[in-house]
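Residues per chain are reported as follows:
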Amino acid sequence: EKMTAQIGTVDAWVQELASYDRITFDMFDTLIYRPFSEPMDLFYFLGETFEVMNLKQLRIQMEYQARLRAKKERGTMEVTLPEIWQMMEEEIGIPAQKGLETELGLERKFCHANPFMLEVWQRLIALGKKPIVVSDMYLPSDFLREILDQNGFSGYERVLVSCEESDSKSDGKIYEKLKGEMSSKANEDAASWIHVGDNPHRSEEHTSEL
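Reading the values: the criteria
Residues numbered from 1 in each chain as written. Predicted model: local features only at pLDDT ≥ 70, side-chain atom pairs only at ≥ 80, totals over all residues. Heavy atoms only, no water. Axes fitted to C-alpha atoms, helices over the stretch in contact; angles between N-to-C directions. Helix = DSSP H or I, 4+ residues; strand = E, 2+ residues; numbered from the N terminus. Parallel < 35°, antiparallel > 145°, perpendicular 65-115°, else oblique. Left-handed = near helix turned anticlockwise from the far one by under 90°. Contact = heavy atoms within 4.5 Å. Nonpolar A, V, L, I, M, F, W, Y, C, P; charged D, E, K, R; others polar.

Participant: Is there a simple way to think about the packing of helix α1 (residues 10-17) against helix α6 (residues 115-126) in this case?
Facilitator: Each pair of packed helices can be summarised by the angle the axes make with each other and by the distance between the axes. Put simply, α1 and α6 touch, their axes get as near as 9 Å, and they point 45° apart. Our classification of the angle between α1 and α6 gives oblique. The two elements α1 and α6 cross, and the hand of that crossing is right-handed. Counting all contacts with α1, which are made through Val10, Asp11, Trp13, Val14 and Leu17, the residues of α6 involved are Phe116, Met117, Glu119, Val120, Arg123 and Leu124. Looking at the contact of α1 with α6 residue by residue, the class counts come to 8 nonpolar, no polar and 3 charged.

Participant: When you look at the packing of helix α5 (residues 96-110) against helix α7 (residues 141-150) in this model, what are you seeing that I'm missing?
Facilitator: Packing of α5 against α7 brings their axes to within 10 Å, and their N-to-C directions diverge by 25°. Relative to α7, the element α5 lies roughly parallel. Remark: the crossing between α5 and α7 carries right-handed chirality. Residues Leu104, Glu107 and Arg108 of α5 pack against Phe143, Glu146, Ile147 and Gln150 of α7. Residues belonging to the contact of α5 with α7 are distributed by class as follows: 3 nonpolar, 1 polar and 3 charged.

Shown next, in the form of structure tokens:
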């Protein structure tokens, strides 16, 4: 007699997710964790590296200023890490390239896999699924792919990041873009789709969220 997988187990997650045609995952706080109470705590370590006491607050402020500049120049609040560090160089004097490389190095050091989701992911890949990873982030997609790969999350179809798409998860536009791409493909206009993470912005009946 077939037994139903217990709710909350890897088996249950795989059973549920595998029933959908398309699966999207948030990257941070879903697939990838940082060992901080909040993501911006990483900037404390930037301050130690550059011996600037209040660098965390400065980094936050300069990111906001870079977003305001992007809004004025191209109508989007989405920015890239080089743009943030260009603002840091202009306002604080830390060389942009050195700052950027230091921040990426810290991300490499601290990012680690969510072990539960890694097992779910690997089981789905073994079943032939090709998940899509989405992120509201200023980090480039090639770097996000590096982080995913080094933590065991291989086999994805693509990685979508808001700073390159000029659309975000939080306002739902990145999902609208995905839905448009899916519906334009033959036989995919009625494809079932589940999103694992936050900000699903569901707008059609075939989409679910975990």
